[in-house]
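Breakdown of the fold
Each chain, written out:
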Amino acid sequence: MLMTDAWWLSKDGWWVSHIEIDRYSEADSIEFVLTNGDGDWDKAHHGGNLQASLEHKVVCVIGGKVEPVTQAPPIMLISDLDGTMIGDDEATARFSAFWEARHEAAGSMLVYSTGRSLASVEELLKDKEGILAEPDMLITGVGTQVWLRDSETSSWVEDQEWAATLRFGWDPDVVERAFSSMKFELTSKDADAIVEQDSSQNHDYKFSCLVKTEWVEYCMSKLERMLKDERQHVKLVVSGTGDHMYVDCIPENGGKLPALVHVRSKYRIPLHRTIACGDSGNDIDMLNSGGPAIAVSNAQPALVNWLNSHEAAEDQQIILSNSPMADGIIEGLDRLGFV
């Protein structure tokens with residue numbers, strides 16, 4: 001019999017070897033070595049030959065370790081970054097090794113969905129190279145930009161199809177004026193009400209500010225009233241915890257959930273194999289997609305309160321992990337049956 005018929009590994013850049021096993025053999029494992037034919041060998045991490053159990057039809061070798069590859073259809077994992085995928089480097093590295101061996105090798109797709117800008121995510125990936133798994137796609141700006149990998153240059157290219165869906169009922173000049181007016185009025189009442197952010201966090205489809213928690217409701221009601229008068233179709237998203245919270249103004253058609261629907265549809269991944277992961281209030285949108293979802297144990301109060309609501313508590317597809325951050329994602333995938 002063939003130990004592997006993993007054509008999809010070779011198409012994704014893996015070297016693939018087919019090992020024929022005597023069907024009458026009583027052995028429960030095999031030993032093997034890997035070489036490029038030029039004298040270079042991939043040894044087991046403990047030395048000696050590599051060893052694989054015959055209970056696994058497909059295995060991969062990473063860093064001298066033999067890992068089983070899932071035989072289930074590919075999944076799409078869409079995860080928030082801060083507080084979910086990152087925050088504990090050791091946990092993030094454990095997830096990366098787990099993902100590379102179990103799911104990346106099986107053709108699954110990893111997507112980061114974050115409030116960060118593209119430049120901020122690129123800097124993060126550089127800083128945590130070797131720790132943070134490389135994504136197949138990015139959703140940035142709280143679901144207002146989708147980025148795809150250029151197959152030739154590996155650079156990020158904006159998905160113009162997604163950008164086109166955000167234009168209805170949204171005039172960035174009008175929204176920016178309303179935001180400026182709100183900030184001026186608010187700081188005239190309290191000079192410390194707003195913390196200025198790096199302008200790179202804003203773009204034509206996202207305007208954001210960091211507001212003192214005590215002023216968040218006032219800020220929201222002021223923006224809603226002004227933008228309604230201007231006939232703008234917007235969505236206001238609040239996230240964070242502590243003395244200050246983020247208030248993001250985005251197009252009504254934008255957000256983490258609509259972006260999730262867009263990317264899974266683009267790659268024809270069914271809802272029941274699309275898993276959303278998050279820790280904050282701005283993740284509720286995508287966690288409530290109707291598909292499987294993971295809230296990590298360090299979730300912020302807004303998300304925990306939503307999870308404790310009657311509707312969310314009865315949804316057996318939404319997992320609240322016992323482990324924090326990236327370890328919680330691994331745990332959640334296991335409990336959902338995706339390991």
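Please refer to the structure higher up on the page.
These notes cover the structure that comes with them. (Residues numbered from 1 in each chain as written. Predicted model: local features only at pLDDT ≥ 70, side-chain atom pairs only at ≥ 80, totals over all residues. Heavy atoms only, no water.)

To continue, consider the overall build of the protein chain. Across its full length, the protein chain holds eleven helices and 18 strands. Here the protein chain, with 339 residues, has 47% of them falling under the buried criterion. Expressed as a percentage of contacts within the protein chain between residues at least 6 apart in sequence, the contacts between residues at least 24 apart total 61%. Roughly 17300 Å² of accessible area belongs to the protein chain as shown, and the carbon and sulfur atoms make up 48% of that amount. (Helix = DSSP H or I, 4+ residues; strand = E, 2+ residues; numbered from the N terminus. Buried < 20%, exposed > 50% of the residue type's maximum accessible area, 1.4 Å probe, protein only. Contact = heavy atoms within 4.5 Å. Areas by Shrake-Rupley, 256 points an atom, 1.4 Å probe, with all protein chains shown as cover.)

Before going further, it helps to examine the sheet that holds strand β8 (residues 109-113). Strand pairing in a sheet relies on backbone hydrogen bonds. The paired strands run either parallel or antiparallel. Across the sheet, eight strands lie side by side as β11-β10-β9-β8-β7-β16-β17-β18; this open sheet has mixed pairing. On the outer flanks of this sheet lie β11 (156-158) and β18 (318-320), each paired with one strand and no other. Along the sheet, successive strands turn relative to each other by an average axial angle of 20°, direction set aside. Sheet analysis places strand β7 (residues 76-79) next to strand β16 (residues 274-278), joined by four bridges and oriented parallel. Paired with L77 across the bridge in β16 is I275. (Pairing = 2+ DSSP bridges. Axes fitted to C-alpha atoms, helices over the stretch in contact; angles between N-to-C directions.)

With that settled, consider the packing of helix α2 (residues 89-102) against helix α11 (residues 325-335). At a closest axis distance of 7 Å, the pairing of α2 and α11 adopts a crossing angle of 35°. Contacts from A91, T92, R94, F95 and F98 of α2 reach α11 at A326, D327, I329, I330 and L333. Counted by class, the contact of α2 with α11 contains seven nonpolar, one polar and two charged residues. (Nonpolar A, V, L, I, M, F, W, Y, C, P; charged D, E, K, R; others polar.)

Counting residues in each nonpolar core, the largest one holds 48 residues, and the members touching the most others are M182 and V211. If one sorts the elements of this core by residue count, helix α6 (residues 216-229) sits on top with six residues. With sequence-adjacent residues up to four places away left out, M182 is seen in contact with I194, C209, C219, K222, L223 and M226. (Core = buried A, V, L, I, M, F, W, Y, C linked by side-chain atoms within 4.5 Å.)

Position of D248 relative to the elements: it lies in strand β15 (residues 244-251). For D248, the side chain forms a polar contact with the side chain of S208, separated by 2.6 Å. Each residue touching D248, except ones within four places of it in the same chain, is listed here: V142, K206, F207, S208, K235, L236 and V237. (Polar contact = N/O pair within 3.5 Å; in protein donor to acceptor, adjacent residues only side chain to side chain.)

This part covers the pairing of strand β10 (residues 145-149). Of all five residues that make up β10, four are buried, and the element is covered over most of its length. Relative to β10, strand β9 (residues 137-140) runs antiparallel, the two sharing four bridges. Note on β10: the bridge partner recorded for I139 is V146. A loop of four residues connects β9 with β10, the two strands running antiparallel in sequence, and G141 in this loop sits at a positive phi of about 60°. The pairing of β10 with β11 spans three bridges and is antiparallel. By the bridge assignment for β11, L148 is matched with V157. Where β10 hands over to β11, the hairpin turn is made up of six residues, of which S154 adopts a positive phi near 65°.

Once that is clear, we can look at α11. Among the residues of α11, A326, G328, I329, E331, G332 and L333 are the ones counted as buried. Packed against the buried residues of α11 are β7, α2, β16, β17 (293-295) and β18. Immediately downstream of α11, the backbone of G337 shows phi near 90°, a positive value.

A positive phi angle, near 65°, is found at S154, a position not held by glycine. On the secondary structure map, S154 appears in the loop between β10 and β11. We note that R268 has phi near 55°; this positive angle belongs to a residue other than glycine. The residue R268 is located in the loop between α7 (256-266) and β16 in this model. The exposed category is assigned to R268, whose relative accessible area is 77%.

Attention now goes to the sheet that holds strand β13 (residues 207-212). Spatially, β12-β13-β15-β14 is the arrangement adopted by the four strands of the open sheet, whose pairing is antiparallel. On the outer flanks of this sheet lie β12 (194-195) and β14 (234-239), each paired with one strand and no other. Alignment of β12 against β13, held across two bridges, turns out to be antiparallel. Directly across from V195, in β13, lies its bridge partner L210.

Moving on, we get to the packing of aromatic side chains. Taken as a whole, this structure holds five aromatic pairs when the rule is applied. Pairing F95 with W99 gives two aromatic rings, centres 5.9 Å apart and planes at 20°, and the pair type is stacked. Taken together, the positions of F95 and W99, both in helix α2 and four residues apart, correspond to about one turn of that helix. Classification of W99 as buried rests on a relative accessible area of 1%. Centroid distance W215 to Y218: 5.6 Å. Interplanar angle 80°. Geometry classified as edge-to-face. Accessibility expressed as a relative area gives 17% for W215, which makes it buried. Through pairs of rings, three or more aromatic residues link up here, namely F95, F98 and W99. (Phe/Tyr/Trp six-rings, centres within 6.5 Å; stacked < 30°, edge-to-face > 60°.)

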